[in-house]
Amino acid sequence: MANKSKKWSNIYLIFVFILMYAPIFYLIFYSFNKGDFMADFSGFSWRHYIDMFADTRLMQILVNTFIVALLSALIATLVGLFGALGIYNTKQQNTKNVLLSLNNILMVSPDVIIGASFLIFFTMVGLKLGFGSVVLAHIAFSIPIVVLMVLPKLNEMNPALVDAARDLGANNYQVLSRVILPYAWPGILSGFFMAITYSLDDFAVTFFVTGNGFSTLSVEIYSRARQGIDLSVNALSALMFLLSLILVIIYYFISNYSSKGSKKKRGARMVVHQ
């Protein structure tokens, strides 16, 4: 019975992966098409990749997108880390629940509502729509993601570690840098990479706050798709998929290295105590 259940679970898992990745590989496959359409593969060619890199506007938008993603992820990770620390250090459970609920509002709200809200707010304060408004919007919706990544790691941490550090004479900075941050590092790293992913992927919020003269890949691809399918967009999709895969691999190796390092440190401490 258990083997049969495992077999159906594996079949379901394979089906889900095929459903998720088949459209992506379909786009990538036709990015190498010699022709101009996805209806018929007429031969292998790098033509659409050459056209993509020759499109200076598209390359500038690609650079803008990554600058926005990295900058917003860095700031959101810093703010989200201290937000998670603030929630973690809140003693009253009711207050903590209220703060968590406020943090989760942007996570559960529709992107269209969030984008429209940011547009109204930026218009009211007189902020010109463009690079600055996009970065601020991406920071805002990335902070809750970072908080949700970091907070579970803080909750897993034994409070006795902080008490022991203070008993040994550590000040607040030393407790933060030598006890809390090393323990929460996997969560911080996860929040950073999730913030980058959400920023690269976002369309609805960005569409409202871009303004004239500035665009990101998601908005640009949407604009081009309305005019007809261009296989240079397929080439761009293949490039973005490859970059995302590289980010995942980097995250995997860094997180593994961090976990191995923390295990070695705990083992060394146990040897010292013995």
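Residues numbered from 1 in each chain as written. Predicted model: local features only at pLDDT ≥ 70, side-chain atom pairs only at ≥ 80, totals over all residues. Heavy atoms only, no water.

Section: helix H3 (residues 56-88)
So, step 1. For H3, which comprises 33 residues, the first-to-last C-alpha distance of 47 Å matches the rise-based estimate of 48 Å (1.5 Å per residue) to within 8%.
So, step 2. A side-chain oxygen of the first residue of H3 lies 3.3 Å from the backbone nitrogen of Arg57; this N-cap is Asp55. (Helix = DSSP H or I, 4+ residues; strand = E, 2+ residues; numbered from the N terminus. Expected span 1.5 Å × (residues − 1). Polar contact = N/O pair within 3.5 Å; in protein donor to acceptor, adjacent residues only side chain to side chain.)

With respect to the environment of Ser218
So, step 1. When you line up the elements, Ser218 lands in helix H10 (residues 217-227).
So, step 2. Residues Ser218 and Asp201 lie 17 residues apart in sequence; the distance between their C-alpha atoms is 6.9 Å.
So, step 3. In contact with Ser218, other than residues within four places in its own chain, are Asp202 and Phe203. (Contact = heavy atoms within 4.5 Å.)

Section: the nonpolar core
So, step 1. Met52, Val150, Leu154 and Ile180 are the most contacted members of the largest nonpolar core, which has 54 residues in total.
So, step 2. When residues of this core are traced back to their parent elements, those giving at least two are helix H2 (47-54), H3, helix H5 (111-125), helix H6 (131-156), helix H7 (159-167), helix H8 (172-201), helix H9 (204-209) and helix H11 (231-273).
So, step 3. Top element by residues in this core is H3. It accounts for 13 residues.
So, step 4. In this structure, Met52 is in contact with Leu58, Met59, Ser232, Ala235, Leu236 and Leu239, ignoring residues within four places of it in sequence. (Core = buried A, V, L, I, M, F, W, Y, C linked by side-chain atoms within 4.5 Å. Buried < 20%, exposed > 50% of the residue type's maximum accessible area, 1.4 Å probe, protein only.)

Overview of H2
So, step 1. Along H2, the residues classified as buried are His48, Tyr49 and Met52. For H2, the angular spread of the buried residues around the axis is 100°, confining them to a single face. Of the exposed residues in H2, those oriented more than 90 degrees away from the buried face are Ile50 and Ala54. (Arc of directions from axis to C-beta.)

A short note on the packing of helix H4 (residues 93-108) against H6
So, step 1. One way to put it is that H4 packs onto H6 with a least axis distance of 8 Å and a crossing angle of 125°. With respect to H6, the element H4 is oriented oblique. In this structure, H4 meets H6 at a crossing whose hand is left-handed. Along the contact surface, H4 presents Leu100, Asn103, Asn104, Leu106 and Met107, while H6 presents Ala140, Phe141, Ile143, Pro144, Ile145, Val147, Leu148 and Leu151.
So, step 2. Taken together, the residues of the contact of H4 with H6 break down into 11 nonpolar, two polar and no charged. (Axes fitted to C-alpha atoms, helices over the stretch in contact; angles between N-to-C directions. Parallel < 35°, antiparallel > 145°, perpendicular 65-115°, else oblique. Left-handed = near helix turned anticlockwise from the far one by under 90°. Nonpolar A, V, L, I, M, F, W, Y, C, P; charged D, E, K, R; others polar.)

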